[in-house]
Each structure stands twice: as C-alpha cells, then as structure tokens.
Amino acid sequence: MHVASTLAVAGALGLCLLAFTGYAKTGPAVEGESIRPFNIKVPESALVDLRRRIAATRWPERETVTDASQGVQLATAQKLARYWQTDYDWRKVEARLNALPQFMTNIDGVDIHFIHVRSKHPNALPIIITHGWPGSIIEQLKIIGPLTDPTAYGGKAEDAFDVVIPSLPGYGFSGKPTTTGWDPIRIARAWIVLMKRLGYTRFVAQGGDWGNAVTEQMALLAPPELIGIHTNMPATVPPDIDKAAFAGAPAPSGLSADEKHAYDQLAFFYKHGLGYAGEMSHRPQSIYGIGDSPVGMAAWMIDHDADSYALIARVFDGQPEGLTRDDILDNVTLYWLTNTTISSARLYWESKLAFFAPKHIAIPVAVTAFPNELYQAPRSWTERAYPKLVYYNKVDKGGHFAAWEQPEILVTELRAAFKSLR
C-alpha cells in the first residue's frame, strides 16, 4: 500500500469515533468530568482495506503435526480468513453497539469508553463489568439484556442490575495511554471514579482475566461504595501449589480430586499457554507484524488457551457452539479497526501482579468456577483465598470467556451471587 493511501485510511479511521455532549448524570455536574454520548461509524474505506489485507495474506505451509501442538492450524486460519473476507459483516455489530447507550469520559488524562444501561426496575443494583485480553466489550453484549431487564428473560424484578461496561485503557474505543503506569491498580482507581461520576453510592463489580485483576484491585482499594465482587477467574492458588505447577513438578501429595484436577489444568497452562503472555509482558512493542496483518492478529488472539482455541476451531468447522463465527470476528475486527494490538498488549508489560495468587480481599466475594477456565478453582482453595466468600458454585459448562460463551449461565450466577448483598 502506498504511503498516501495508508495515511488516508488512518485519517478515515479517526472518524470512527464520534462524540457529542449533553449526557445527563445522576449526580451533580463537576467541571472537567463531562460524560459525552458516543457513536461508532467505521468508514467503508477501512473495511475495504481490511478485506484487501486478508486477501493478501502470505500463508505458511501446513503444520507438521496432526494436532494443535504447534499452534493455530493452517486449515482453521484459512477458514477464518475466507469467512472474514467474503461473508462477515461488521455493520451488524456496529448497529448492535450503537443501539446501546455508549459514552466517553476522561479519567486521569485518558478517555474511557463505556456502555451504560440503566434498568427500568427500581432499586436495580449497579454493576461494573470488566473484560480482559483478548476480549473486549463484545464479550458482555449478550448479558446486558438479561441483567437490566430480568422479567423479559425469566428473572424477577428484584434481580435487576444497572450495567456499566468500560473498555480498558488501550483497548477498543478507550484512549491509549501515552505514559507508563496504567496497570490494574490504576485502572481500578479509574473505575471507582467512573462509578462515582455516574452518581452511584453503592455498587458491585465483576470480571474475569484482566477483569478479575482490576476487580480484585478495586476490592483491595476498598471504597465504601463497593459492597462486593464476583469473579469467574478467581485468584486462589496456594503459593506452594503455584510454584510446583510452574516448575512442571508432580502434583503435591494430599490434594483432593478437585485440587488435583485444578493443579493439572494449571500445570498444563504454564507449560503450553504462556507464550503470548511472555512476549507481551516483556516486549509488547515488538509485535508490529501482528498489528499489521489481520490474519496474524486473529491467530495470535484465538490461541489464548487450549480449550478456547479448540472451541473456536470447531466453530469454523461448522459445529454449533456457545460462540458463532460472527461472535469471534466481531471481537477480532474491533481490535483491528481500533489498531489496539500493541496498546492492549502493554497491560501485560505494566502489570506486576501474580494472576493466580490470593490477594487477601476483605470485602464480600462471589465465585463461579467454570470447568474450562485456565483452572477450575476448588472450593477449598477459594474459601482460604476469600475470607468473606458469600457465594461459590462449580458449574458444568463454560470456559475462559464466560459471558460470551455461556451468557445464560453467567447471568444466573450473577443473580444468585449478589442476592445476599442487595
């Protein structure tokens, strides 16, 4: 592509973000804390350029094994690319997003994009839900309706939530930090500011992946307004267990069946699933090629963990799953159009937190343990990690992207998890 046409596309992409003023807050207005309605309109030239780049992919030869042990298989990548280039329609998810109340506000020098849907039911419990990598606000779209309008989805009015779903800094339509320091602790502080700015004096928080890290840090900051949290990727692993799993050592003696299963899952992830995290935590700026190739970026993202990749591969083989081809490409395309491959990766470089180590949270915590998460947290570890555990449930289906894969299960879990805190 010539430099002039590259600059033209880059300029057009800047027009994707259309913001207007005039949002009415629930609390008193404070100078410098404006909240602006937000709308998405991706220029057609950006979508044409995306399809051109997919078509121009330089493919490698097929892997030399019959399984996924070398990474994303050529057949899966080519099926994804073929559908993405010829049949996928970004405008459908763009319309879904624009049908929701979306806003932008500046916190600590960075523009934060968020969805905010208020329930029609009185006394709805406000909840802030945080996505992770390689996820986005796309992950949570399926749970917004059931949470905010429970009577339309088999629930009761007293199950209602007001839902706030922000895009992490450097992700999606949020601004990209231009200085260092935006780790989960700083993001947690920003989320507390956001909820207060929206006028909420009492709320709960939820997350998995980076969303769990941010949510737990909110709990550790312990603002009086935050009355409890829920996580679908809890940090519960005892230090000696984590050390042994990371080293690939045999499972320690004396583990229960659930603990042994969790240990095996954790050891497998440490051995086979840390490649992307290692590169992004050490050299995020080096992944230019992934940010420049749509197919390269997609392969990097769908190889997050073995179970998620296997599910996605089945989807592109035509099998019905919790996700569809459009679900997967909605999320991938959002990363492409916002050029956030590298800016999102920097969160791994910024964070110095241990993902799975207990953080000694003192407020009420609810946990749902999904079987195909990186590890399914046993009740025993969970009770030790969270002294104020108010809810624990081990469900039979679902993995790392719980809201996306199994929205009905997660909605049921959130209703039950926070019942005692309403």
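Just so you know, these numbers come straight off a predicted model, no measurement behind them.

(A) Representation of empty space enclosed by the protein within the structure. In this structure the tally under the stated criterion is five cavities of 30 Å³ or more. Lining the largest cavity are 18 residues, with E139, Q140, G208, N232 and H400 positioned closest to its centre. Of all the elements in the fold, those that place two or more residues in the lining of the largest cavity are β5 (125–130), β7 (203–207) and α17 (402–405). Estimated volume of the second largest cavity: approximately 80 Å³.

(B) Representation of unusual backbone geometry within the structure. Note the cis peptide between W133 and P134, where omega equals 5°. Among the structural elements, P134 can be located in the loop between β5 and α5 (141–148). The backbone phi angle of H360 is positive, close to 65°, even though this residue is not glycine. Inspection of the secondary structure puts H360 in the loop between α15 (341–350) and β9 (365–369). Using a relative accessible area of 67% as the deciding quantity, one classes H360 as exposed.

(C) Helix α14 (residues 325–338), seen in detail. The first and last C-alpha atoms of α14 sit 20 Å apart over 14 residues, in line with the 20 Å expected at 1.5 Å per residue. The element α14 is extensively covered by neighbouring structure, given that twelve of its 14 residues are classed as buried. A positive phi of about 50° marks N339, the residue just after α14.

(D) Focus on the packing of aromatic side chains. Counted according to the given criterion, the structure contains 17 aromatic pairs. Ring centres of Y171 and Y335 lie 6.2 Å apart, and the angle between their planes is 75°; this geometry places the pair in the edge-to-face category. Here Y171 is found in the loop between β6 (161–166) and α6 (184–197), whereas its partner Y335 is found in helix α14, with 164 residues between them in sequence. Classification of Y335 as buried rests on a relative accessible area of 3%. Seen from their ring centres, F269 and F356 are 6.4 Å apart, and the 80° between their planes marks the pair as edge-to-face. Note that F269 is positioned in helix α9 (residues 257–272) and F356 in the loop between α15 and β9, a separation of 87 residues in sequence.

(E) Focus on the side chain of H121. Examined against the element boundaries, H121 turns out to sit in the loop between β4 (110–117) and β5. A polar contact of 3.4 Å, which involves the side chain of H121, links it to the side chain of T151. Ignoring sequence-local partners within four residues, the contact set of H121 consists of T148, D149, P150, T151, A157 and A160.

(F) Representation of the nonpolar core within the structure. Membership of the largest hydrophobic core comes to 127 residues, with the highest contact counts inside it found for W84, I128, W133, W191, M218 and F356. The contact partners of W84, leaving out residues within four places of it in the chain, are L50, I54, P294, V295, M297, A298, L329, V332 and T333.

(G) Just the packing of helix α4 (residues 90–98) against α14, in detail. Close contact between α4 and α14 brings their axes to 10 Å; oriented N to C, the two are set at 85°. One element, α4, and the other, α14, form an angle in the roughly perpendicular class. Contact with α4, carried on its side by W90, V93 and R96, involves D330, T333, L334 and L337 of α14 and no other residues of that element. For the contact of α4 with α14, the residue count by class is four nonpolar, one polar and two charged.

(H) View of the pairing of β9. When you tally the buried positions in β9, you get five out of five residues, the bulk of the element. On β9, burial covers both faces: V365, V367 and A369 on one face and A366 and T368 on the other are all buried. Bridging between strand β8 (residues 226–231) and β9 involves three bridges; their strand directions are parallel. Bridge pairing in β9 places I229 opposite V365. Bridge count between β9 and strand β10 (residues 389–394): five bridges; the pairing is parallel. Following the sheet pairing, V365 is matched in β10 by L389. Tracing the backbone out of β9, into helix α16 (residues 379–385) and back to the parallel element β10 gives a crossover that is right-handed.

Rules of the game
- Residues numbered from 1 in each chain as written.
- Predicted model: local features only at pLDDT ≥ 70, side-chain atom pairs only at ≥ 80, totals over all residues.
- Heavy atoms only, no water.
- 1 Å grid on protein atoms, 1.4 Å probe; cavity = no way out; pocket = protein on both sides within 12 Å on 5 of 7 lines; lining within 4 Å.
- Points joined across faces, edges and corners; volume = space filled by probe spheres on them.
- Helix = DSSP H or I, 4+ residues; strand = E, 2+ residues; numbered from the N terminus.
- Buried < 20%, exposed > 50% of the residue type's maximum accessible area, 1.4 Å probe, protein only.
- Expected span 1.5 Å × (residues − 1).
- Phe/Tyr/Trp six-rings, centres within 6.5 Å; stacked < 30°, edge-to-face > 60°.
- Polar contact = N/O pair within 3.5 Å; in protein donor to acceptor, adjacent residues only side chain to side chain.
- Contact = heavy atoms within 4.5 Å.
- Core = buried A, V, L, I, M, F, W, Y, C linked by side-chain atoms within 4.5 Å.
- Axes fitted to C-alpha atoms, helices over the stretch in contact; angles between N-to-C directions.
- Parallel < 35°, antiparallel > 145°, perpendicular 65-115°, else oblique.
- Nonpolar A, V, L, I, M, F, W, Y, C, P; charged D, E, K, R; others polar.
- Pairing = 2+ DSSP bridges.
- Right-handed = clockwise from strand over helix to strand, strands pointing away.

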